[in-house]
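So the chains spell out like this:
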Amino acid sequence: MRVFLDANVLFTAAHSPDGRAAAIALLAQAGACTLVSSPHALEEARRNLRLKHPAAVAALDRLVATLAVEPEAPSDDVAWALEQGLPLKDAPILAAAAHARCDVLVTGDRTHFGALYGRRLRGVEVLSPAESLARLLG
């Protein structure tokens, strides 16, 4: 299973080693899935960690070493993601997950992705960290 981590999940995994996001990373290390992200998500996570939890940037770097960083999606895919009701800052995330042929997009951003939770879009199911963890364990 290919699991795309958005910036929110990367941020949380880096600064909260006992949380659900970090548990997903541990399951990936054990072979339960392949973690994927994009330069857009990584830059946002890194920027927010530098501002809010600078000591956790090293943990993010260790996490990044364990995942596949896929290229950004083409503009047509971003336009499709915008049509799903996402704001411009989040559309590249869904587009990248679909373009990378991920099975799951894990996001804790209920504000912008909440309406998409549980939906499969272009082969990508949008799930919260809790739902993703349950899927990987179950």
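Going by the structure above, here's the rest.
Owing to the predicted nature of the structure, the values given are computational and were not obtained by experimental measurement. (Residues numbered from 1 in each chain as written. Predicted model: local features only at pLDDT ≥ 70, side-chain atom pairs only at ≥ 80, totals over all residues. Heavy atoms only, no water.)

Participant: Got a sec to walk through helix H8 (residues 129-137)? Specific residues and values, please.
Facilitator: Within H8, the full set of buried residues consists of Pro129, Ser132, Leu133 and Leu136. Down the axis of H8, the buried set is contained in an arc of 100°. They therefore lie on one face. In this fold, the buried residues of H8 make contact with helix H1 (7-15), helix H2 (20-29), strand E4 (104-106) and strand E6 (124-127). (Buried < 20%, exposed > 50% of the residue type's maximum accessible area, 1.4 Å probe, protein only. Helix = DSSP H or I, 4+ residues; strand = E, 2+ residues; numbered from the N terminus. Arc of directions from axis to C-beta. Contact = heavy atoms within 4.5 Å.)

Participant: Describe the pattern of salt bridges, naming the residues involved and giving the relevant values.
Facilitator: Counting across every chain of the model gives 6 salt bridges. Arg46 serves as the salt-bridge partner of Asp61, at 2.7 Å between the closest nitrogen and oxygen. You can see Asp61 sitting in helix H4 (residues 57-64) and its partner Arg46 sitting in helix H3 (residues 39-52), a full 15 residues away along the chain. Arg120 is the salt-bridge partner of Glu125, the closest N and O atoms lying 3.2 Å from each other. On the basis of relative accessible area, Glu125 is assigned to the buried category, the value being 10%. Under the relative-accessibility criterion, Arg120 is labelled exposed at 52%. Where salt bridges share partners, they join Arg120, Glu125 and Arg135 into one cluster. (Salt bridge = Lys/Arg side-chain N within 4 Å of Asp/Glu carboxyl O.)

Scope: geometric values only; no functional claims are made or implied.
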